[in-house]
Every structure is written in structure tokens, then in C-alpha cells.
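# Working through the structure, step by step
Residue strings, one per chain:
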Amino acid sequence: MSLDKAKTILKKYWAYDDFRSVQWDVISSVLSNRDTLALMPTGGGKSLCYQIPALMMQGVCIIVSPLLSLMKDQEDALKKRGLKARRLTTDNMPDGLGMALNSIETTRTKFIFISPERLQNKVFIDYIKSVKVCLFVVDEAHCISEWGHDFRPEFRQINILRECKPETPLLALTATATEQTVDDIQQCLKFRKANCIRGEFERKNIKTLVIKDEEKLARCKKIIDKVGGSGIIYVSTRMNAEKQTKSLQSMGLVVESYHAGLSDEERKNRQERWKNGTLPLLVATKAFGMGIDKADVSYVIHMELPPTLEAYYQEYGRAGRNGKEAYAVLLYDNKDKETMLRRVAMDYPDIEIIKQVYDKLHTYYKIPYLAGKNRELPFDLADFANYCNMDKYPVYASLRILQRIELLWLKDTEYPVSKIKVVPPRGELLRILERTDDYSIILGALLRTCEGCTTEMVRLHEERLAYYLEWSKEKTTLMLEKLHITGCILYEQRPKGHYVVLNHDRVPAKDLYIPPQYYKDLKQRASEKAKAMIKYLESKHCRQQFLFDYFGMKANECGECDICLKNLVKPKQMRGVLIEILKEGERSLDSLMCDERFIDNKELIRILRIMLDRGEIRLQGDIISLARK
Ligand SMILES: [Zn+2]
């Protein structure tokens, strides 16, 4: 019985007795060789859905994952259980891909984690073709979909896996997907037959509150004081992250910011301290959170409207993974809705502007017509926008559209990569290698460690080469530069920063084709998503029900969101509820205003006034008590 066998493996490596919710449905679907899309909430035990069947089948399991940190966590978790896993990222392959693949063979590694970019590498594709693969997994599969909120063009190339191994089952995993995204993912991955399994999504321990307040910061402080524990505040930009952090610090809170503008080290440091509880609160942009598993987050506050309900749902889902009571609070004010709709318009400039930016980009780098393909160019948005004589935002938005139609990639190289090619004709190369000086030593090392470097530009990590040579990094870089000057090698050093990569040769701007219907659809979709967000704010229905409905699922009224609570305590009943509370003892006005039952603060104040006027309650300072009769 395969269920028995699966349970034995579960017990042996994970020490669990049984599967949770739909885990077994997904596993048995995969075991019967069906392509499967599993929609499961974060923290719902998604990884077991591929790990268990992979261990029951012959061959390697290949997991495509969009995030380096995500891969590392999963690799570490598997290794801790004594399972053989390896991630093929540039930072953990000291001897290059060829050697890494050899070691995978010899150590019989079961789980291989890769980034989507890896699938552009011929060596790797040849490897896949040559071995037995039991299962392909695509993690965070919504990134594949035009409709998904984290759309990544390079993710679209994943279907090359299907071409390599038409008979191998494919498992796509995601936490949030609307009906459209569900269809799109299955189409993109060329599912042999549509097959989507939905997990249990209701998170009954999270109270979802939507609060309109013109004093967001003060409201934030109140919520944090009341709830305590670990939390995240989400904002939309780096600038706002810094600004709000400073304001909250000045209110006496221990808090730091987190965004893509910080150094890798600083981000790692802050994330680590937040994870281990020494730093209780982060004000973060969406750069924070994916792949971070912390069980005891007691609140997630959105200080600005997230661009989509998908993003919102995923972000607040980071609260309360330990099953204990947690809060998801969305704060908004009068300006927010308008800002949101304006942003959609700004994200989609006129096609004529996009064409202009396209043309300027090439003249900026002095690239003639019919040239430019595969060029990787260091990019500074401010400087380029200045060159265009335009504001930064429309320039950036235009480049993003050009990226979407795959004319170029914008890269934020967290991991800068130098490139190298060994050029001398064979004979001369051999002559140098016969010598015993540093030239010969480093050339020999390049030939041994950089596969394919005599035929094309390949990636080079100076640190790794230095380690291999047992030289200092300075000496290694200097020797590479010397070799470059003598013409023995082509050596392109890449500092950390932004790049633009051109995927095609330049064409005249008037001939640039941006499919008009496609562009219109994109814009339309973005605008629909923004409108859905606004509808959510204005909804008079249970928040949870609204969200589930949006994702095409059914849910009961949660009884815990602001709407459910408001319905619980109607203004008419508020007086009665207040009297009950005050019978137990006096309360400060602040603490009453933070009580979820009185989410409608305006109404609370109105009722309190009436009660004061009638002499039912007393107010001393900000302490309210029942008047003694
Ligand atoms: Zn509700």
C-alpha cells in the first residue's frame, strides 16, 4: 500500500504520524504520475507534498524556486533530516556546474534546487536529459502567471522541463491564486491534464481588521502596544520604510526598516534579529517575507494599500502561524484609494512614451541599429532619466513594460558576476601553460574551473578562483587584469548594482512592436486588481468571506473581522456592552478605542458622549468609570 509506505517515510524522517489536510491527496496524485497544482496556505506543509513522493520514487527530484533564501532553508531542512539535497546556485559551487553535477551523481543526491535562470544553461539541460528524474517541482508557482502578483518573465521558461521529460510528473505549489492564475499556471507549465488540489485556507486565529484612520501612525502605535510580540509593518516604498521607522522610533518603539536598498549584510542581520526575537518589529517593503518562516508573528500591519489582494493575503498570512491569536490590520486614509488608482495609470505609460524610452536607452549606450543583443550594461536610473529629460517613474515604468514583453531584463545584481573567456589560439595557450610562472598557473586554473571558457564568456567568481589558487583576491584580480591587457583573456569585471540586459538587437522605435491588445489587457488587469482592493476596503461583508470569494473558494463568516465584530456590537448595543465592560472596572479611553468590538471609533466616541451627558459614566483624565448611583 502506498499510503502505508508514505506514512512509514513520514514517521522515519519527520516523526509525524499522519498527514495534514490535503497533503495525502497531493502526494497520491503525484504518485499516480499526474501533473498537479497544489494550492495550499503558507505554513500548510507544502514541502512534504514533494518530498514524500520523491523519496518513494526512483530518480532525482528537481525543484525550481524563485528565491535563493527559500532554497537554502529547504536544503538545510532536508539535510538536517539526513536527506541528500543540493542547491545549484552560484554561491555554492566552488568548482563550477560540471563538478557539482558529478558530485550529485556520485553522492546520489535526491533533491536538487535550482533557480529558473539555471534552465537557460545548456550543461544543466543536457544533465536533466541524461538522468532519471522522478518529479519536477515549481515552488511559488504564481510567479509564472501573468495574473500572479509576483510575475517573473524568466519563470516562463520553465516549460523547457516538460520538453526534456514529457512523461515526468510536475508539481506546482502556490499559496495564493485566483481562478485565472490557476488556469494560467497549468497552461504555462503545459499540464498534460488540468488538476488542481486546494488545501484548507481558513486561518481562524487571524483577526482581519480594516481601519480607516487619518492618524495612521498613532493608530499603529496603539495596536503595537496592545498586541505586543513580534510584528511586521508593510509599506510600499523604501523611502516610506525609512520615514515610518524613524517616526515609530521617536515614539519609543524598538523597530528597524527592511528594504532592498540596504546592504545584504544589513538585511541579513536585521532579519536574523527579528527572527530570533531580539528585534520585535520591522517596517518593511514587499522585499521582506517570502520564504521566511517565523511561527510567532502576532501582528502584520499594512500602513499603505498593497497593490493586489493576492499580495495582501500572502503578506498578512505571515501572522499567527503557530495557531495562536494574531492580528492582520489594514490601515487606510482618505488619500489612499486615489493614490492607488493613480499608480495604476502611472505604471502603464502611453505606448509612444515606451517607444521613446526604448530608443533613448540605445542612444544612451551608443548602440547602433541591428546590434545590442545579449549586451549587459550597468544601469543608473537617475542618470538615464536625466538623459531622457523625463521623471524617473515613467522611465522606470516603461522599462518594466519592455521587460514584460521580454525585450530586456532589468537586473538588480545582488550577486555580481564577472565574466571571462580565454582567447589565445591553441598553440600559444599551450606555450604559456608549459611555463611555470603565475600566468601559467592562473590560466591553468581558469581552464580547469571555468567550463566552456575557451568558446564563450562564462561566469567567474574571483574569490573562488583565489581560494583555488591559494592566492589573495587582490593578486588574483591583478593577474586577471594583466592577462586581459595582454589579450590572453577577455575579463569583464562586474561591480554590484543594477544592469540592463538587452535580449534583442535594436530596431527603429517606430518598428518596435508592443502588441496593443496585450498591453491593453495588462493595464486592464492591473486596474481590476486595484479596484478589487478598493472594493475590499468598502465591503460590508465579512473580510474573510470576501477574500475567499475573490480566490474562488467558500468560507463561513469568520466572526472575528472588523465587519463581523461590528455586526456583533451594533451602535444600539454599544451602550450595553460598554456598561458590561465598565462593571468589571475602569478603563482608559485608549484601551477602549483599541478594543476590536469598538472598531468604529467614531461611533464609540459618540456613544460615550451621550453616556457622559446622561451622567451614566465619569471621565477623569482619560480614565472612564461607571458613575455610582
Ligand atoms: Zn468576518
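### Considerations on the overall build of the chain
The secondary structure content of the chain amounts to 26 helices and 22 strands. Projecting the C-alpha coordinates of the chain onto the three principal axes gives extents of approximately 105 × 70 × 50 Å. In the chain, which comprises 629 residues, the share counted as buried stands at 34%. When contacts within the chain are restricted to residue pairs at least 6 apart in sequence, those whose partners lie at least 24 apart make up 75%.

### Some words on the sheet that holds strand 20 (residues 587-588)
Read across the open sheet, the three strands follow the order 20-22-21; overall the sheet is antiparallel. In this open sheet, the two edge strands, each paired with only one partner strand, are strand 20 and strand 21 (617-620). Where strand 20 and strand 22 (residues 623-626) come together, two bridges link them in antiparallel fashion. Note on strand 22: the bridge partner recorded for Ser588 is Ile623. This element, helix 24 (residues 571-583), spans strand 20, strand 21 and strand 22 of the sheet and lies at about 95° to strand 22.

### A word on the environment of Phe201
Along the chain, Phe201 turns up in the loop between strand 7 (196-198) and strand 8 (206-212). Since 20 C-beta atoms lie within 10 Å of it, Phe201 is described here as buried. When the C-alpha positions of Phe201 and Thr176 are compared, they lie 9.6 Å apart, and in sequence the two are 25 residues distant. Excluding residues within four positions of it along the chain, Phe201 makes contact with Pro41, Phe548 and Met553.

### Comments concerning the domain arrangement of the chain
Domain boundaries in the chain define domain 1 (2-198), domain 2 (206-334 + 528-550), domain 3 (340-415 + 498-514), domain 4 (418-493) and domain 5 (568-626). One C-alpha centre belongs to domain 3, the other to domain 5, and the line joining them spans 57 Å.

### Some thoughts on the pairing of strand 12 (residues 297-302)
For strand 12, a buried count of five out of six residues is recorded, marking the element as mostly surrounded by other parts of the structure. Across four bridges, strand 12 lies against strand 13 (residues 326-332) in parallel orientation. Paired with His302 across the strands is Leu330, a residue of strand 13. Note that the unit made of strand 12, helix 12 (residues 309-316) and strand 13 has a crossover that is right-handed.

### Brief notes about the packing of helix 1 (residues 2-14) against helix 3 (residues 48-56)
Packed helices, taken two at a time, are described by the angle between their axes plus the distance between the axes. Contact pair helix 1 / helix 3: the axes reach a minimum separation of 10 Å and the direction vectors enclose 110°. With respect to helix 3, the element helix 1 is oriented roughly perpendicular. Between helix 1 and helix 3 the crossing geometry is right-handed. Taken together, the residues of helix 3 that come into contact with helix 1 (itself represented by Ser2, Lys5, Ala6, Ile9 and Leu10) are Ile52, Leu55 and Met56.

### Some remarks on the pairing of strand 22
Here strand 21 pairs with strand 22 via four bridges, running antiparallel. Looking at the pairing, Ile617 lines up with Leu626 of strand 22. Linking strand 21 back to strand 22 in an antiparallel pair, the connection comprises two residues, with Gly621 at a positive phi of about 60°.

### Describing the sheet that holds strand 17 (residues 458-460)
Spatial ordering of the open sheet is given by 17-16-18, a layout of three strands whose pairing is antiparallel. Of all strands in the sheet, those with a lone pairing partner are strand 17 and strand 18 (489-492), marking the two edges. Mean inter-strand twist for the sheet, computed between neighbouring axes without regard to direction, equals 30°. Across four bridges, strand 16 (residues 418-422) lies against strand 18 in antiparallel orientation. Across the sheet, Lys419 pairs through a bridge with Glu492, a residue of strand 18.

### Quick notes on the confidence of the model for the chain
Confidence along the chain averages 88 in pLDDT terms, with 97% of residues attaining 70 or more. Predicted confidence in the chain is weakest over strand 15 (residues 408-413), with a mean pLDDT of 76, and strongest over strand 9 (residues 230-234), with 97.

### A closer look at the nonpolar core
For soluble globular proteins, the rule of thumb is that nonpolar side chains tend to be buried together. In terms of nonpolar packing, the biggest core is built from 56 residues, with Ile233, Val300, Ile301, Ala319 and Val329 touching the most fellow members. Looking at this core, the element that brings in the most residues is strand 13, giving seven residues. Core analysis: the next-biggest nonpolar cluster, separate from the first, contains 54 residues, Val138, Leu171, Ala175 and Ile185 among them.

### Thoughts on the packing of helix 14 (residues 351-364) against helix 15 (residues 381-388)
Contact geometry of helix 14 with helix 15 gives a least axis separation of 10 Å together with a crossing angle of 110°. As summarised for this structure, helix 14 and helix 15 are arranged roughly perpendicular, according to the angle between their axes. The residues of helix 15 that touch helix 14, namely those facing Val357, Lys360 and Tyr364, are Phe384, Tyr387 and Cys388. Looking at side-chain class alone, the contact of helix 14 with helix 15 contains five nonpolar, no polar and one charged residues.

### What about the environment of Ile599?
Take Ile599: it is sitting in the loop between helix 25 (589-594) and helix 26 (601-613). For Ile599, a count of 20 C-beta atoms within 10 Å gives the class buried. When the C-alpha atoms of Ile599 and Ser32 are compared, they prove to be 50 Å apart, with 567 residues separating the residues in sequence. Discounting residues that sit within four places of it in the chain, Ile599 has contacts with Leu209, Ile211, Asp562, Leu565 and Lys566.

### As for unusual backbone geometry
Positive phi outside glycine occurs at Asn374, with the angle close to 70°. Mapped onto the elements, Asn374 comes out in the loop between helix 14 and strand 14 (376-378). The phi dihedral of Glu406 is positive, around 65°, even though this residue is not glycine. Mapping Glu406 onto the fold places it in the loop between helix 16 (392-404) and strand 15. When the 13 C-beta atoms within 10 Å are taken as the criterion, Glu406 is described as partly exposed.

### Regarding helix 8 (residues 179-188)
When helix 8 is considered as a whole, its buried residues turn out to be Thr181, Val182, Asp184, Ile185, Gln186 and Cys188. Close packing links the buried residues of helix 8 with strand 1 (36-39), strand 6 (170-174) and strand 7. The positive-phi residue at the C-terminal boundary of helix 8 is Lys190, with phi of around 50°.

Reading guide: rules and limits
- Residues numbered from 1 in each chain as written.
- Predicted model: local features only at pLDDT ≥ 70, side-chain atom pairs only at ≥ 80, totals over all residues.
- Helix = DSSP H or I, 4+ residues; strand = E, 2+ residues; numbered from the N terminus.
- Buried ≥ 20, exposed ≤ 12 C-beta atoms within 10 Å, placed from the backbone.
- Contact = placed C-beta atoms within 7 Å.
- Pairing = 2+ DSSP bridges.
- Axes fitted to C-alpha atoms, helices over the stretch in contact; angles between N-to-C directions.
- Domains from an automatic or database assignment.
- Right-handed = clockwise from strand over helix to strand, strands pointing away.
- Parallel < 35°, antiparallel > 145°, perpendicular 65-115°, else oblique.
- Left-handed = near helix turned anticlockwise from the far one by under 90°.
- pLDDT = per-residue confidence, 0-100.
- Core = buried A, V, L, I, M, F, W, Y, C linked by C-beta atoms within 7 Å.
- Nonpolar A, V, L, I, M, F, W, Y, C, P; charged D, E, K, R; others polar.

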